[in-house]
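Analysis of the macromolecular model
Next come the chains, spelled out residue by residue.
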Amino acid sequence: MTEEAKRVVPKELIDSLLAGYKKPEDLIGENGLLKQLTKLLVEKALDAEMTEHLGHDKNHPIQNSFGNARNGKSKKTLKGDFGELPIDIPRDRQGSFEPQLIPKHQTRWTGFDDKILSLYARGMTVREIQSHLEEMYGTEVSPTLISSVTDAVIEEVKAWQGRPLDSVYPIVYLDCIHVKIRDSGVVKAKAIYLALGITMTGQKEVLGLWVAQTEGAKFWLQVVTELKNRGIQDIFIACVDGLKGFPEAIETIYPNTTVQLCIVHMVRYSLNYVTWKYRKDVASDLKSIYGAGTIERAAQALDDFEERWGKSYPSIGQSWRRNWPRIIPFFDYSPEIRKVIYTTNAIESVNMSLRKITKNRGSFPSDESLMKLFYLALRNISQKWNMPIRDWKGALNQFSIKFEERMPQQ
């Protein structure tokens, strides 16, 4: 604050106001000076607005052609950081006065709704939000009010879910988590589909959220079709987990897209067959496969793996050979791109954040309530994505060479 701004309030006035100050409660308490001053200043400003509206001060002759004049005051209680603040709102005889500082029907200070949404986005239940606001601000907020504030987000969610997307995404990650939701009076574990894209500038972007009864390739086909309808014409690489039929669903809509199976998922799946005693050794030998410099060396490492572990764990080698065409695409790329596509960690970190905010909830009352929460949570998460992913320039140079004819025209 500049020295000029500081001199707006005379020092003598400040000294006079704080003459009786002894403890913090005198200033910021329930009946403290700040709350009293806020009330006085707001009511003074409303009186000034009424004077502007009527064209004459209080107790002065009527100046307007309508014969309109003051007609007492109505009471309103505003909720905010300071708790509950009773305000006297001036009225006019004709009821034409529209306050600007506190519009009609407004019962909360600007920004108070944002606090409710912020708490909701962190996974707090309605009851927890109630308790928090009462504890922090000394104001009672009804469940109906909290629901109405969060319900206002629904239209925003619909607009976000249907927004146009870029024509080309070099990389798209597709994954699914499961959440319990009440449906027709019964709690069910539903699949929440999530698509995360990497833009041409290397920025992460959540492309959409979808709720389905179960995870399956048929629904993934609907998801990919919707992405196409919203403007995505091409995806260079789609990174997915090992769901059966998933790659085929993608290639049906995007026949030129390379489908890369998540190596981390493959390793986790493989280790499920291994006793704790040998997990470290098996994991090390698996790394020699996906960590190889070329496809040929990776194939040899797989042969070596089966020779050592095939008798004890035949399912592992069979799984890798069965999925080999979806495992090896990342060998065609430089280390910059390999780091980005060999795992779906980018989207799994998002899913982890979503799981954190749902862990204290037994279930959600509806699909809509979950969509509200996940949208607000994703909005918070994405605010941190202000930089391109690591080594993106090197990866983009590789893309521009390998997919030259498919690169968007700048």
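1. What to know about helix α7 (residues 143-151)
Inspection of α7 places Leu145, Ile146, Val149 and Thr150 among the buried residues, and these make up the whole buried set. For α7, the arc enclosing every buried residue in end-on projection is 130 degrees, short of the 170-degree limit, so these residues lie on one face.

2. Comments concerning the packing of helix α12 (residues 276-290) against helix α13 (residues 295-309)
Packing of α12 against α13 brings their axes to within 7 Å, and their N-to-C directions diverge by 155 degrees. Taken together, α12 and α13 sit at an angle that is classed as roughly antiparallel. Contacts between α12 and α13 involve Tyr278, Asp281, Val282, Asp285, Leu286, Ser288 and Ile289 on the former and, on the latter, Ala298, Ala301, Leu302, Phe305, Arg308 and Trp309. Of the residues contributing to the contact of α12 with α13, the split by class is nine nonpolar, one polar and three charged.

3. Some details on the nonpolar core
In terms of nonpolar packing, the biggest core is built from 106 residues, with Trp320, Leu354, Phe374 and Phe399 touching the most fellow members. No other element matches strand β3 (residues 168-183), which puts 10 residues into this core. Non-local contacts of phenylalanine 399, meaning those with residues more than four positions away in its chain, are made with Pro170, Ile171, Phe236, Ile237, Ile337, Trp392, Glu404 and Met407. Core analysis: the second largest hydrophobic core is formed by seven residues, Leu46, Leu78, Ile87 and Ile102 among them.

4. Things to note about the layout of surface pockets
When its volume is computed, the second largest pocket comes out at roughly 290 Å³. Along the walls of the second largest pocket sit 13 residues, with Lys339, Val340, Ala346, Ile389 and Arg390 positioned nearest its centre. For the lining of the second largest pocket, the secondary structure elements donating two or more residues are α16 (335-341) and α17 (345-358). At three residues, the largest contribution of residues to the lining of the second largest pocket is made by α16. Partitioned by chemical class, the residues of the lining of the second largest pocket number six nonpolar, two polar and five charged.

5. Some thoughts on helix α18 (residues 367-382)
Given a rise of 1.5 Å per residue, 16 residues ought to cover 22 Å, and the 22 Å separating the end C-alpha atoms of α18 matches this to within 8%. Taken residue by residue, α18 has Ser369, Leu370, Met371, Lys372, Leu373, Phe374, Tyr375, Leu376, Ala377, Leu378 and Ile381 as its buried positions.

6. Brief notes about the pairing of strand β5 (residues 204-212)
Of all nine residues in β5, seven are buried, a share of seventy percent or more. Judged from the eight bridges that link them, strand β4 (residues 186-198) and β5 form a sheet pairing that is antiparallel. Bridge pairing in β5 links isoleucine 192 to valine 211. Taken together, β4 and the strand that follows it, β5, pair antiparallel across an intervening segment of five residues, in which glycine 202 is found at a positive phi of about 85 degrees.

7. Some points on the sheet that holds β3
Taken in spatial order, the five strands line up as β5-β4-β3-β6-β7 in an open sheet, and their pairing is mixed. Only two strands of the sheet have a single partner each, and these edge strands are β5 and β7 (258-261). Adjacent strand axes in the sheet meet at a mean angle of 25 degrees, parallel and antiparallel pairs treated alike. Against the sheet, helix α9 (residues 217-229) makes contact with β3, β4 and β5, and its axis sits at roughly 135 degrees relative to β5, the strand it touches most.

8. Re the pairing of β3
Here is the key point about a regular strand: its side chains alternate between the two faces of the sheet. Burial within β3 is extensive, with 13 of its 16 residues counted as buried. Pairing between β3 and strand β6 (residues 234-240): five bridges, direction parallel. Note that in β6 the partner of tyrosine 173 across the bridge is cysteine 239. Following β3, the chain reverses through two residues before pairing antiparallel with β4; serine 184 in that reversal takes a positive phi of roughly 55 degrees.

Reading the values: rules and limits
- Residues numbered from 1 in each chain as written.
- Predicted model: local features only at pLDDT ≥ 70, side-chain atom pairs only at ≥ 80, totals over all residues.
- Heavy atoms only, no water.
- Buried < 20%, exposed > 50% of the residue type's maximum accessible area, 1.4 Å probe, protein only.
- Helix = DSSP H or I, 4+ residues; strand = E, 2+ residues; numbered from the N terminus.
- Arc of directions from axis to C-beta.
- Axes fitted to C-alpha atoms, helices over the stretch in contact; angles between N-to-C directions.
- Parallel < 35°, antiparallel > 145°, perpendicular 65-115°, else oblique.
- Contact = heavy atoms within 4.5 Å.
- Nonpolar A, V, L, I, M, F, W, Y, C, P; charged D, E, K, R; others polar.
- Core = buried A, V, L, I, M, F, W, Y, C linked by side-chain atoms within 4.5 Å.
- 1 Å grid on protein atoms, 1.4 Å probe; cavity = no way out; pocket = protein on both sides within 12 Å on 5 of 7 lines; lining within 4 Å.
- Points joined across faces, edges and corners; volume = space filled by probe spheres on them.
- Expected span 1.5 Å × (residues − 1).
- Pairing = 2+ DSSP bridges.

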